[in-house]
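Structural overview for review
In case you want the letters, here they are:
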Amino acid sequence: MTKQSNGNVVHSVKSNQEDIYRNLEAVVRKYASTTFLRPVADHTREAFEKVCEFVYNFYAARNTGGVGADRVGADCVELVFDSGCGTGESTLHLAKKFPNVPVIGIDKSAVRLTKAGNGRQLESAAESGSCGAPAGASTGMAVPLNAFWVRAELLDFWRLALEKVLAGEWEILHHALYYPNPWPKESEATRRFHLHPIFPTMLRLAPVTELRTNWEIYAREFAEAARIAGDCLSLNVHVECADFSPENPETAFERKYKNACQQLWQVLVCSSC
């Protein structure tokens, strides 16, 4: 536990787990050989359709057949995902890094998505209960035209997105997963993304997956799970796991942890078929 200069207490991750999950390899291999079949929620299908509409309109407005069409084919368009985006600050940063590509911020919490107080976001969330337009008023950052936020269940949204990827309609250049719930109790380990049946789907979404966390064990587990799943799925996977200190924090959590002098960790998973 550390205290910031403003007096707020920032808790480090507390867990009864002292090392990577003892059954990690068995769990990852099991799910790499199975298919996650839970029905997709209707509200997520509706949200996904709104994302598809945004992506189509984004490229149609440029009338180019899609940025990068010469590389990936005229019918394939490029995107970036910011999964578990919270209030959307990280989405804004990603949108600046990828200015010619739609950046989709996804979170299941309407409360988090509307915290920035943007009127369009609040109106859209109230009307549809599922999808939103740019938030960002509280960050002081201008909202770029390539940023879009959506309220959806990640496990369902990722499966719908993978269908687009496998059909050759989408290429997700970068998948950001910043500070997900670590589920620190060992009894809750299989709720972590890398120990869940959804992990093979997540790993195949993008050639680059970036995890950030303030718990070393989570980072090491994610990295090892990616190596194992990559082998099971016949993917060429290169994994880097290291501590890092962002010069300019890109999420509220990241800023809070940095100010509290907590060690942060980054995992980069680069994969190809």
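Summarised in this report is the structure supplied together with it. (Residues numbered from 1 in each chain as written. Predicted model: local features only at pLDDT ≥ 70, side-chain atom pairs only at ≥ 80, totals over all residues. Heavy atoms only, no water.)

Let's shift gears to the overall build of the protein. The secondary structure content of the protein amounts to 10 helices and 10 strands. Across the 273 residues that make up the protein, the buried fraction comes to 51%. (Helix = DSSP H or I, 4+ residues; strand = E, 2+ residues; numbered from the N terminus. Buried < 20%, exposed > 50% of the residue type's maximum accessible area, 1.4 Å probe, protein only.)

Take the pairing of strand E6 (residues 147-151) next. Burial of E6 is extensive: four of the five residues sit out of reach of the surface. As defined by bridge partners, strand E4 (residues 103-107) adjoins E6 across five bridges and the pair is classed as parallel. Looking at E6, one finds that valine 103 is bridged to alanine 147. (Pairing = 2+ DSSP bridges.)

As for its placement among the helices and strands, arginine 159 is situated in helix H7 (residues 154-166). Judged by relative accessible area, which is 12%, arginine 159 ranks as buried. Setting aside chain neighbours within four positions, we find arginine 159 in contact with Phe36, Leu37, Arg38, Pro39, Val40, Ile198 and Thr201. (Contact = heavy atoms within 4.5 Å.)

What follows covers the packing of helix H2 (residues 42-62) against H7. For the pair H2 and H7, interaxial distance at closest approach is 9 Å and the crossing angle is 45°. With respect to each other, H2 and H7 are oriented oblique. H2 and H7 meet at a crossing whose hand is right-handed. Touching Thr44, Arg45, Phe48, Val51 and Cys52 of H2 are Asp156, Phe157, Leu160, Ala161 and Lys164, all from H7. Looking at side-chain class alone, the contact of H2 with H7 contains six nonpolar, one polar and three charged residues. (Axes fitted to C-alpha atoms, helices over the stretch in contact; angles between N-to-C directions. Parallel < 35°, antiparallel > 145°, perpendicular 65-115°, else oblique. Left-handed = near helix turned anticlockwise from the far one by under 90°. Nonpolar A, V, L, I, M, F, W, Y, C, P; charged D, E, K, R; others polar.)

For the structure on display, the rule yields 14 salt bridges. Notably, a salt bridge pairs arginine 38 with aspartate 156, separated by 3.0 Å at the nearest N-O pair. Separated by 118 residues along the polypeptide, arginine 38 in the loop between helix H1 (24-32) and H2 and aspartate 156 in helix H7 bring together distant segments of the chain. For the salt bridge of arginine 159 with aspartate 156, the shortest nitrogen-to-oxygen distance reads 2.5 Å. Of this pair, arginine 159 and aspartate 156 both sit in helix H7, three residues apart, which is roughly one turn of that helix. Aspartate 156 carries the same exposure label as arginine 159, and that label is buried. (Salt bridge = Lys/Arg side-chain N within 4 Å of Asp/Glu carboxyl O.)

Turning to the pairing of strand E3 (residues 77-83), a few remarks are in order. The element E3 is extensively covered by neighbouring structure, given that seven of its seven residues are classed as buried. Every second residue of E3 is oriented toward a common face, with Val77, Leu79, Phe81 and Ser83 on one face and Glu78, Val80 and Asp82 on the other, all of them buried. Across seven bridges, the pairing between E3 and strand E7 (residues 170-178) is parallel. Paired with aspartate 82 across the strands is alanine 176, a residue of E7. Here E3 runs beside E4; their pairing, made up of four bridges, is parallel. What sits directly across from valine 80, in E4, is valine 103. Remark: the E3/helix H4 (residues 89-97)/E4 crossover connection has right-handed handedness. (Right-handed = clockwise from strand over helix to strand, strands pointing away.)

What follows covers the packing of H1 against helix H9 (residues 216-232). It is the contact of H1 with H9, at a shortest axis distance of 9 Å, that shows an interaxial angle of 40°. Between H1 and H9, the interaxial angle falls into the category oblique. Considering how the two elements wind past one another, H1 and H9 form a crossing that is right-handed. Note on element contacts: H9 touches H1 through Glu221, Glu224, Ala225, Ile228, Ala229, Asp231 and Cys232, opposite Leu24, Glu25, Val28, Arg29 and Ala32. The class makeup of the residues in the contact of H1 with H9 is seven nonpolar, no polar and five charged.

Keep in mind these numbers describe shape, not what the thing actually does.
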